[in-house]
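# An overview of the molecular structure
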Amino acid sequence: MRKDYNLEKRKYIIGGFVIVIALIYIARLFTLQIVDSDYRRFAEGNAFLKKAQYPSRGLIYDREGRLMVYNQSAYDVMMIPREVKEFDTLAFCQAIDITKEEFDERIKRMKDGRYNPGYSSYTPQLLISQMSAEEYGRLQEVLYKFTGIYIQNRVIREYKYDIAGSLLGNIREVSSTDIQNDPYYKSGDYTGDLGIEKSYEKYLRGEKGLEILLRDSKGRIKGEYENGIYNEAPVSGKNLTLSIDAELQAYGEYLMQNKIGAIVAIEPSSGEVLALVSAPTYKPSTLVGRERGKNYAKLVSNKYKPLYDRTIMGVYPPGSTFKPTQSLIFMQEGIISPSTTYPCYGGFISGGLKVGCHAHSSPIAMQPALATSCNAYFCYGLKSMLDNRQKYNRTDEAFTLWKDYMVSMGYGYKLGIDLPGEKRGFIPNSEYYDKYYSKGRWRALTIISVAIGQGEVLATPLQIANLSATIANRGYYYTPHVVKQIQDYEIDSTYTQKHTTMIDSKYYEHIVSGMRMAVTDGTCRIGEIPGKEVCGKTGTAQNPHGRDHSAFMGFAPKDKPEIAIAVYVENAGFGATYAVPIGSLMMEKYLNDTIATDRKPLEERMANSNTIIYSGVKKH
Amino acid sequence: MASRNTNIFTLIDKPTVVLYLLLIFWGWFTIYAASYNFDDTSIFNFDGRAGKQLLWMGCASVIAFIILMLDTRLLEAYAYPIYGVTILILILTIFFAPNVKGSHSWLVLGPVSIQPAEFSKFAVALCLARFMSSYNFTLKRLSNFIRAVLIIMVPLLIIVLQKETGTALVYLAFSLVLFREGMSGLILVAGIGSITYFILALKYAETFWGATCVGELIVLILINIVLMIMTANKYKKRGTFKIMSIITLSVVAITGIINIFINVNWVYAMYTIITANSVYTLIVSLKSNSIKLLQPILVAIVSVFFMFSVNYIFNNVLEPHQQSRIKVSFGMEDDPRGVGYNVNQSKIAIGSGGFIGKGYLAGTQTKLKYVPEQDTDFIFCTVGEELGFVGSTSLIILYIAFILRIITISERQRDAFGRIYGYCVASIFIFHLAINIGMVLGISPVIGIPLPFFSYGGSSLWGFTILLFTLLRIDASRTGRI
């Protein structure tokens, strides 16, 4: 048959057609594989189940190396909503022991962007948190029936000493704000809340690990991706050694039961906090596990506000515990010498103003004034200083200097303890009074009550204890801190830096003598511990809310101080009635490990007395 | 016999054999990768897909060998009986085949299941070649053309009855053969054109610019362009095209002016243009006394009617699942969990491969069974995911080389039988490749047909092997030495 050359040309059309199709397909491959990078992400989203590996949280020891806080296992039930199919809700609710309504509520909350901003139906979402091993065992038997449900091992806290709730803090699930502030956190993670758990979160939490599992189209796990070479092992959190003495802390909480107030004990030579008792307190174990939410709400609504750490957040009039600072300033400024005397006939009377005082001999010198807590002496002192026109041009100039002295002794600003929420107290400055009374319209007499720790001045128990430590050290202090060691790390250098006050060491000796006199012959006689040469200063702070607060500040032994302490008991009356005995018992406990037999009745009386009834908080 | 053996192996076309071997071995490795399940160890495990495929490959080589031993004249001589028997088997299959997912296309013979539809392509190719190579045959004769179409359509319809629409559509590929042998290009263009109209009309049926339906507008513009080109082509007098352009532009200009005052439906403007141009063509036709100038008018009228029928066909003739497949293919519907799931996962698999791929046996989409039918219809995904752009482009180029080689072989045949048969083989491969890869890439609709030499399965491998090696046998004997 002859060839039709016209038709033969059609082979080019057919061949061209084939090549055009091929080019279209190659162009399509180019866009899919090279131009568009989303597909790789989609494929990974399909295939990889990224499972966080939670590290064990750092342990917490006390200063004696006694374990205080450790970990236990708990099990979170996670759900990947996209994978959930044909779900037998009733059977599931039975397995985890919740009601259908509760289950629906949890699902609703899980999908609500307000509670769970990181919600995605492709990633594991927290459904039930912190099941016990026993509950987990029950669920595990039937887990195969529920696709899309996974178990996440978690670490929760366990307490050897169930004390120091506000000091230790606790752990909670991260909030939406936490997730926004720190990309480390994912929904369902835990973070420290309050206390040490919060302030040392970065050390305690460790580093989460990552396990990349392969998941097939039916949601079944097919092992680890590339045999786990891309997995990241979790790094355990760092252990902390506290400066807290767990026994002393527990003893403090025992003494402070049924009272409102605070005890702060510091080792003067290092600034290490030995005990930090806020009363009323709560057991940290109540904020662990599934009951946490309920218990937390109870603590929040408790009228005595146990969540409020009074040691660092309570701002109180320091009362007479403030007087040593005044002596120090007046001596340093040359206003008085230790032998300067002032008269006191039932108080300070000047220009129609009277500040009352109790009975004691008159005139009186500085040390006996401290020992008997004479109000008049310090009022005269402050008046002499502020009105001294040879030294200072104006009252406000003198007062500014006074304020600077106070700040150098740790008042008026946060000390910087390694706990969250510390308050700064309040030391007024000249500008404050200028504003309050208008400029030039105030003088020594207007503000005289600051000399005895009343009026505008406010201090935290921590600041009072720090003053005690400063006096014990004869003029310097270390910023108080509760963590003594961090595993593999140095503690922050601010805690190893010596702070000297603006007052010479020699003046402190006079104060020490005065405070010693207060114990031997003055207001703190009940505070003496045989052989330990306790030095102290009482405080009875008036307050507008009810009965006076009972305060004590002291240290022991006098010449080689090992412990400095501040005790503040709200609405408990005279300093000598509650604060002094409690402070003294605490020091005895710390120094001697035990309470002398003859002091046992005192201990018992302190522990069993109830001053919370005077708090003015109405019973409901 | 001995001398024949040496001859056949020296005369056989080596490049094609090399390409064939490359493709089936690449396919075998890909089947192993696609069915690899982390615990499977050996590619030679005969319980696994790859092991079985190796078995099928062994059988295929036996089949190829037997074919090479045959005398091609026998095939030519028995082309009609073979076709008849095949049609009979296809019909019987409808009644004897068990229901597999709704289709009745697999014959179960003891331990083996075969799909006669895979082999009937071979019978049709032989029959078509025999018929069209007869003495003085010309497609220009209508009766010949109708017979040729019938040879193709009969098995196609039977396979449709087997509910294997995908396989049936492969027979449309033979229209390329008819084109090569003299069928008017117009029919091919009309076919492709009507598919284009269909797609455009559907895709933009619900898009509106003001009162104008975009789908209708685009189709009408296309119809007008075809009308103008055809008229200008048939009536060789200069200036025809220019006059028709002037008519078109003036109508557009007038409509544009009216549009300033009232919102005009441009579809009516297009009807006016087409009518005006048709009238012009009619005048020219009467003036020159030429009947063939009526052809463009006819095409325009048929096209307009076709356009009207599209919506009717789509909504009333097609089954809902077919509508849905078409809609998903055209991107009119997004359905990642239903019909679109396969295509979506397949695009993810290929797209995630990137430039050089994730590495052999390292694809997650395919290993974890996200892509369905991943060792049969969707096997191209595994190549795309594991070997990336480089690998998948290489494979496409390999296939193109293979097809162009078959076209070359066909064209060098001295007799029409060999040439036509060769084009049948080329057309079948072209159709399979275009539809299968197009489907996996999300371009063409989801039609379940295998990727030649790659998709797992004995029937399809043997079917393609028989097709190819018969051509090679015919080619080897073209010099008349054996």
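Keep in mind it's a predicted model, so treat the numbers as computed, not measured. (Residues numbered from 1 in each chain as written. Chains lettered and ligands numbered in written order. Predicted model: local features only at pLDDT ≥ 70, side-chain atom pairs only at ≥ 80, totals over all residues. Heavy atoms only, no water.)

## Concerning the overall build of chain A
Convention followed: A run of H or I in DSSP becomes a helix once it reaches four residues, and a run of E becomes a strand once it reaches two; helices and strands are each numbered from the N terminus. Partly exposed residues are those whose accessible area sits between 20% and 50% of the maximum for their type, while under 20% is buried and over 50% is exposed, using a 1.4 Å probe and protein chains only. Any two residues having at least one pair of non-hydrogen atoms within 4.5 Å are treated as being in contact.
Of the regular secondary structure elements, chain A holds 22 helices and 20 strands. For chain A, the proportion of its 620 residues judged to be buried stands at 56%. Taking the contacts inside chain A whose residues are at least 6 apart along the sequence as the reference set, 72% of them involve residues at least 24 apart.

## Brief notes about the overall build of chain B
Defined as follows: In this description, accessible areas are obtained by the Shrake-Rupley approach with a 1.4 Å probe, and a residue is regarded as covered only by the protein chains that are shown.
Within chain B, the regular secondary structure consists of 20 helices and four strands. Considering chain B as a whole, with its 482 residues, one finds that 53% of them fall into the buried category. About 21,500 Å² of surface is accessible on chain B, with carbon and sulfur atoms providing 69% of the total.

## What to know about the interface of chain A and chain B
Using the following cut-off: Take the accessible area each of two parts loses on contact, using a 1.4 Å probe, and add the two losses: that sum is the buried area.
Taken residue by residue, the interface counts 37 residues in chain A and 51 residues in chain B. Here chain A and chain B share an interface that buries about 3,800 Å² over both sides, 70% of which is from carbon and sulfur atoms. It is Ile-14, Tyr-25 and Gln-33 of chain A that lose the most area in chain A upon contact with chain B, and together they represent 18% of the buried surface on that side. Every element with two or more residues in the side of chain A that touches chain B is listed here: helix 1 (5-8), helix 2 (10-35), helix 3 (38-47) and strand 8 (209-215) of chain A. When residues of the side of chain A that touches chain B are assigned to their parent elements, the largest contribution, 19 residues, is made by helix 2 of chain A.

## What to know about the pattern of salt bridges
All names here are of chain A. Applicable threshold: We define a salt bridge as a contact between a side-chain nitrogen of Lys or Arg and a carboxyl oxygen of Asp or Glu at a distance within 4 Å.
Applying the stated criterion to the full structure yields 41 salt bridges over all chains. In this structure, the salt-bridge partner of Lys-100 is Asp-104, at a minimum N-O distance of 3.0 Å. One end of the pair, Lys-100, and the other, Asp-104, are both in helix 5 (residues 100-111), four residues apart, so they sit about a helical turn from each other. Lys-100 sits in the partly exposed class, given a relative accessible area of 35%. Asp-104 gets classed as partly exposed once you look at its relative accessible area, which sits at 36%. Here Arg-205 makes a salt bridge to Asp-182, at a shortest N to O gap of 3.3 Å.

## Focus: the environment of Leu-29 of chain A
Mapped onto the elements of the fold, Leu-29 of chain A is located in helix 2. Excluding residues within four positions of it along the chain, Leu-29 of chain A makes contact with Ile-34 of chain A together with Ile-350, Phe-380, Phe-389, Ser-392, Thr-393, Ile-396 and Leu-441 of chain B.

## A closer look at the sheet that holds strand 20 (residues 563-569) of chain A
Residues and elements named next belong to chain A. Applied cut-off: When DSSP finds two or more bridges between a pair of strands, those strands are recorded as paired. A fitted line through C-alpha atoms represents every axis, and for helices the fit uses only the stretch in contact; the resulting angles, taken between N-to-C directions, go from 0 to 180 degrees.
Sheet architecture is open: five strands sit in the order 12-11-20-19-18, paired in antiparallel fashion. Across the chains shown, the open sheet's two edge strands, defined by having one partner strand only, are strand 12 (272-279) and strand 18 (535-543). Pairs of neighbouring strands in the sheet enclose a mean axial angle of 10 degrees, with direction left out of account. Summarising the sheet, strand 11 (residues 261-267) and strand 12 pair through seven bridges and their orientation is antiparallel. Bridge pairing in strand 12 links Ile-263 to Val-277. Of the strands in this sheet, strand 11, strand 12 and strand 20 touch helix 11 (residues 246-255), which is tilted by about 25 degrees from strand 12.

## A closer look at the packing of helix 14 (residues 323-332) of chain A against helix 20 (residues 505-520) of chain A
Residue and element names in this part refer to chain A. Applied cut-off: Working rule for handedness: look at the near helix, and if it is turned counterclockwise from the far one by less than a right angle, call the crossing left-handed; if clockwise, right-handed. Side-chain classes follow a simple rule in which Ala, Val, Leu, Ile, Met, Phe, Trp, Tyr, Cys and Pro form the nonpolar group, Asp, Glu, Lys and Arg form the charged group, and the remainder, Gly included, forms the polar group.
The contact between helix 14 and helix 20 brings their axes to 10 Å, and the two run at 145 degrees. Our pair here, helix 14 against helix 20, has a crossing hand that is right-handed. Contacts from Pro-324, Ser-327, Leu-328, Met-331 and Gln-332 of helix 14 reach helix 20 at Tyr-507, Tyr-508, His-510, Ile-511 and Met-515. For the contact of helix 14 with helix 20, a count of residues per class yields seven nonpolar, three polar and no charged.

## Here's the deal with the confidence of the model for chain B
Detailed reading of the predicted coordinates is not advisable wherever pLDDT is low. The condition that has to hold: pLDDT expresses, on a scale from 0 to 100, how confident the predictor is about each individual residue.
Chain-level statistics for chain B give a pLDDT mean of 84 and a share of 93% at 70 or above. Between residues 1-5 of chain B, whose pLDDT stays under 50, and residues either more than four places distant or in other chains, the model counts three contacts.

## Side note on helix 20 (residues 458-476) of chain B
Counted only if it meets this: Expected span of a helix, by definition, is 1.5 Å for each gap between consecutive residues, and there is one gap fewer than residues.
Between its first and last C-alpha atoms helix 20 of chain B spans 26 Å; for 19 residues at 1.5 Å apiece the expected length is 27 Å, and the two agree. A large share of helix 20 of chain B lies buried, amounting to 19 of its 19 residues.

## Overview of helix 19 (residues 416-440) of chain B
Relative to the 36 Å expected for 25 residues at 1.5 Å per residue, helix 19 of chain B spans 36 Å between its end C-alpha atoms, a close match to the ideal helical length. Just past helix 19 of chain B, the residue Gly-442 of chain B takes up positive phi, approximately 80 degrees.

## Looking at the environment of Ile-152 of chain B
Residue and element names in this part refer to chain B. Examined against the element boundaries, Ile-152 turns out to sit in helix 7 (residues 142-161). Residue classification places Ile-152 among the buried positions, given a relative accessible area of 6%. Placed 27 residues apart in sequence, Ile-152 and Ala-125 show a C-alpha to C-alpha distance of 8.9 Å. Excluding residues that lie within four positions of it along the chain, Ile-152 makes contacts with Val-124, Leu-128, Tyr-171, Phe-174 and Leu-178.

## Considering unusual backbone geometry
Residue and element names in this part refer to chain A. Across the junction of Ala-279 and Pro-280, the peptide omega takes the value -5 degrees, indicating a cis bond. Along the chain, Pro-280 falls in the loop between strand 12 and helix 12 (292-301). The phi dihedral of Lys-305 is positive, around 50 degrees, even though this residue is not glycine. Phi at Arg-474 takes a positive value of approximately 60 degrees, unusual for a residue other than glycine. With respect to the element layout, Arg-474 can be found in the loop between helix 19 (461-472) and strand 15 (476-478). Look at Arg-474 and you get buried, because its relative accessible area is 11%.

## Considering the packing of aromatic side chains
Residue and element names in this part refer to chain A. How we decide: The rule is short: rings of Phe, Tyr and Trp, with Trp giving its six-membered ring, pair when the centres are within 6.5 Å, and they are stacked under 30 degrees, edge-to-face over 60, tilted in between. Put simply, a charge is over a ring when the Lys NZ or the Arg CZ is close to the ring centre, within 6 Å, and near the line of the ring normal, within 35 degrees.
All told, the structure shown has 42 aromatic pairs over all chains when counted by the stated rule. With centroids separated by 4.1 Å and ring planes inclined at 20 degrees, the aromatic side chains of Tyr-316 and Tyr-568 adopt a geometry described as stacked. In this pair, Tyr-316 is assigned in the loop between helix 13 (310-313) and helix 14 and Tyr-568 in strand 20, connecting sequence segments 252 residues apart. The class of Tyr-316 is buried, set by a relative accessible area of 5%. When the centroid spacing of 5.0 Å and the interplanar angle of 75 degrees are considered together, the rings of Tyr-342 and Tyr-377 count as edge-to-face. Of this pair, Tyr-342 sits in the loop between helix 14 and strand 13 (347-350) while Tyr-377 sits in helix 16 (residues 375-386), and the two are 35 residues apart along the sequence. Judged on exposure class, the residue Tyr-342 and its partner Tyr-377 are both buried. Seen from the ring of Tyr-184, Lys-208 lies directly overhead, with NZ or CZ sitting 4.7 Å from the centre. For Lys-589, the ring lying beneath its charged end belongs to Tyr-251, and the centroid distance is 5.3 Å.

## Looking at the side chain of Gln-367 of chain A
Residue and element names in this part refer to chain A. Put simply, the rule reads: Residues adjacent in sequence count toward polar contacts only when both atoms are side-chain atoms; beyond that, a polar contact is any pair of N or O atoms within 3.5 Å, and within protein one must be able to donate a hydrogen and the other to accept it.
In this fold, Gln-367 is placed in helix 15 (residues 366-372). Within the structure, Gln-367 has its side chain in polar contact with the backbone oxygen of His-510 (distance 3.1 Å). Those residues in contact with Gln-367 that lie beyond four places of it in its chain are His-510, Ser-513, Gly-514 and Met-517.

## Some thoughts on a nonpolar patch on the surface
The following threshold applies: Residues with no salt bridge and a relative accessible area higher than 30% make up the patches, which join like charges within 9 Å and nonpolar side chains (Val, Leu, Ile, Met, Phe, Trp, Tyr) within 5 Å.
Nonpolar side chains collect at one region of the surface, where Phe-30, Ile-34 and Val-35 of chain A together with Phe-355, Ile-356 and Val-390 of chain B lie side by side and expose about 560 Å² of accessible area between them. A total of three residues in the nonpolar patch trace back to one element, the largest contributor, which is helix 2 of chain A. Mapped onto the fold, Ile-34 of chain A is located in helix 2.

## Some details on the pairing of strand 18 of chain A
Residues and elements named next belong to chain A. Where burial is concerned, most of strand 18 is hidden: seven out of the nine residues are buried. Of the pairings in the sheet, the one linking strand 18 to strand 19 (residues 546-556) comprises eight bridges and is antiparallel in character. Paired with Gly-539 across the strands is Ala-551, a residue of strand 19. Hairpin connection of strand 18 to strand 19: two residues between the antiparallel strands.

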